[in-house]
Amino acid sequence: MNGDQVINKKRTLTLDKPDISHIESSAVNADADHLKDLGYKQEFTRNLGSVLQVAFPFTAMGVLPNWLVGFGPSLASGGPSSLFWGWIITAPMTLAVAASMAEIYSSYPLNGGFYSFSYYLSSKRWGPLMSWLTGYIYAAATLAANMTVAWNLAQLIIGMASVVRQETIDNLGAYVGIYVLMSIICTACGFAGLRFTNWLNYFMAFWLFANTFVFAISVPLLAPTNNNASWVFTQFTNETGYENLALVFFLGLLQSGWTMVGFDAGITISENTKDASKEGPKGLMTCVILALIQGIALTVAVLFSIQDLDALINSDMPIADFFMQVTQNKHVSAFFLSVMVIAQFGSLSNTSVAFTRICHAMARDGVLPYSRFFYKLHNEVPVRLAVMQIVIMTLVILPIFATDVFWSAILSLGVVAYNMAYALPFVCRLIWVRDKMPKGAFDLGRWSLPLNIISVLWISFLSIILCFPAVSPVDAASMNYSSLMIGAVVLFSLAYYAIKGRKTFHGPRANADDDNDEAVVF
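Residues numbered from 1 in each chain as written. Predicted model: local features only at pLDDT ≥ 70, side-chain atom pairs only at ≥ 80, totals over all residues. Heavy atoms only, no water.

Asks: I tried to follow the overall build of the protein chain on my own but got confused; where do I start?
Replies: When helices and strands are tallied, the protein chain shows 20 helices and zero strands. In summary, the protein chain has a C-alpha radius of gyration of 23 Å against a globular reference of 24 Å for 522 residues, a match within 12%. When the backbone C-alpha atoms are referred to their principal axes, the protein chain occupies close to 70 × 50 × 45 Å. In the protein chain, which comprises 522 residues, the share counted as buried stands at 60%. Within the protein chain, residue pairs in contact and separated by at least 24 positions form 83% of the contacts whose partners lie at least 6 positions apart. Approximately 20,200 Å² of the protein chain is accessible, and the part contributed by carbon and sulfur atoms is 64%. Distance between charge centroids for the protein chain: 11 Å, based on 29 positive and 32 negative side chains. (Helix = DSSP H or I, 4+ residues; strand = E, 2+ residues; numbered from the N terminus. Rg over C-alpha atoms; globule rule 2.2 N^0.38 Å. Buried < 20%, exposed > 50% of the residue type's maximum accessible area, 1.4 Å probe, protein only. Contact = heavy atoms within 4.5 Å. Areas by Shrake-Rupley, 256 points an atom, 1.4 Å probe, with all protein chains shown as cover. Lys, Arg positive; Asp, Glu negative; His and termini not counted. Charge placed at Lys NZ, Arg CZ, Asp CG, Glu CD.)

See below:
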């Protein structure tokens, strides 16, 4: 038998959906008891507290660097008014999604996150398929996000060099080389284990908060002139080629919409968190609130400080040009870019840990190819999955030397896949469970189902807009490949389920009574 076959007859039965409404647990071992009630043994040391449940997803989201990297092209889609009012519209919708997510998290604090949620919130018949599909979409979203952040890191580092040298650097080999190097270094941070991640995130939390204040205050003060409030809040720009102004506004709104993903990252370390069913949801909600405040503050500071709107819209590196416009000093501009590089480094390090935890949860249940091989932990670190990520990230970028269209298609996958992964557990709940979901420490009460419905509607709307090309007319370079890429992930998942999953996967496989990590059914 190979690694994907049954190797332990003791565990051929999958886990029946547990009733966690009345969990009996000791005060000392409450988390382990909760995990055992869900069918799993405690494989990770619970040494992470409530602070990391805020800092880990906050750093992973990377609002400071990620919003700034993408704001230039978004200025063409509605201009300043679209960027600002996009936050005002996005904020309550994101809070609804986060609250719905936090409630489910409280009931099922598992590293697999949405992959696990979809099973527990579906019927016994449909649970395996929905869980399988959600898992592959979730893993694809996280991997695509990691590739995007690594590419952003390469752009920022080369942007620093361009600013200091006062020349444009367009060497594709340099971009790819830095991308691969950052992928290796940031993924390797996971090899140090969560103790290192803990300290890294304490530093990153301080770094992000401190530099948000520095940025929000110093940038408007350094700017030669400041725009008036009328321009910031009402100026509308349309450089997209679309005639429908509502569509143009919604395309600009995406700048805040796609920035506000990744707040789920804390779920992927829930099995390391003390009192996860309580502290996890609290951390998630706190993270989202802080990220929204941070995003609005950054947006207002940038919009009041823009000197030449057209130059930023047409720039190949708008964030570097923005800092040069504001500071008129290459060294100060390079300093601001270095702040963003460090922030992006922390973001990629965390999302790399999140990806390996998601995949480890899937391997634990035999969902991945060669799951037995990838399930193995080394000092509680899924090293083999970390190496797999480095290999995939390196191989996938190589076709860029022939055409950058393929790479653009890969990068377009992340946000739309994230949104689909967010939505699937909510849809499963509305179809099969509704108000019968077991309640954890975080309970929305009578608002639970209404907020679930609002979340599904918002994510559906956002996903449709995410699939529109940014400009019209469209060619191969400007085409939005999001729908094609998410379709490819769904088709692969369904095909693999039809070939293997429907025969071997019937839901999460209980390992709570196993004493040997090798005794895993695949």
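Asks: Looking at this model, I keep getting lost on a nonpolar patch on the surface. Mind explaining?
Replies: A cluster of nonpolar side chains, Leu172, Phe191, Val387, Val391, Leu395, Leu398 and Phe401, forms an exposed patch at the surface whose accessible area comes to about 590 Å². For the nonpolar patch, the element with the most residues is helix α16 (residues 383–397), which contributes three residues. Inspection of the secondary structure puts Val387 in helix α16. (Patch = residues over 30% accessible without salt bridge, like charges linked within 9 Å, V, L, I, M, F, W, Y side chains within 5 Å. Salt bridge = Lys/Arg side-chain N within 4 Å of Asp/Glu carboxyl O.)

Asks: I'm lost on unusual backbone geometry in this one. Help?
Replies: The general pattern is negative phi for most residues beyond glycine and trans for most peptide bonds. Residue Ser472 is joined to Pro473 through a cis peptide bond whose omega torsion reads 0°. With respect to the helices and strands, Pro473 occurs in the loop between α19 (448–466) and α20 (482–504). The phi dihedral of Glu380 is positive, around 70°, even though this residue is not glycine. Position of Glu380 relative to the elements: it lies in the loop between α15 (371–375) and α16.

Asks: Can you help me understand the pattern of salt bridges in this one?
Replies: Pairing between side chains of opposite charge can happen when the charged atoms of each approach one another. The full count for this structure, using the stated rule, is seven salt bridges. Note that Glu167 and Arg165 form a salt bridge whose closest N and O atoms lie 3.1 Å from each other. Residue Glu167 is classed as partly exposed on the basis of its relative accessible area, which comes to 39%. Between Lys282 and Glu279 there is a salt bridge, with its nearest N and O atoms 3.7 Å apart. With Lys282 and Glu279 both in helix α11 (residues 276–305) and three residues apart, the pair spans about one turn of that helix. We classify Lys282 as partly exposed; its relative accessible area is 42%. Three or more residues joined by partner-sharing salt bridges are found here, namely Glu103, Arg429, Lys439 and Asp443.

Geometric values such as these leave the question of function open.
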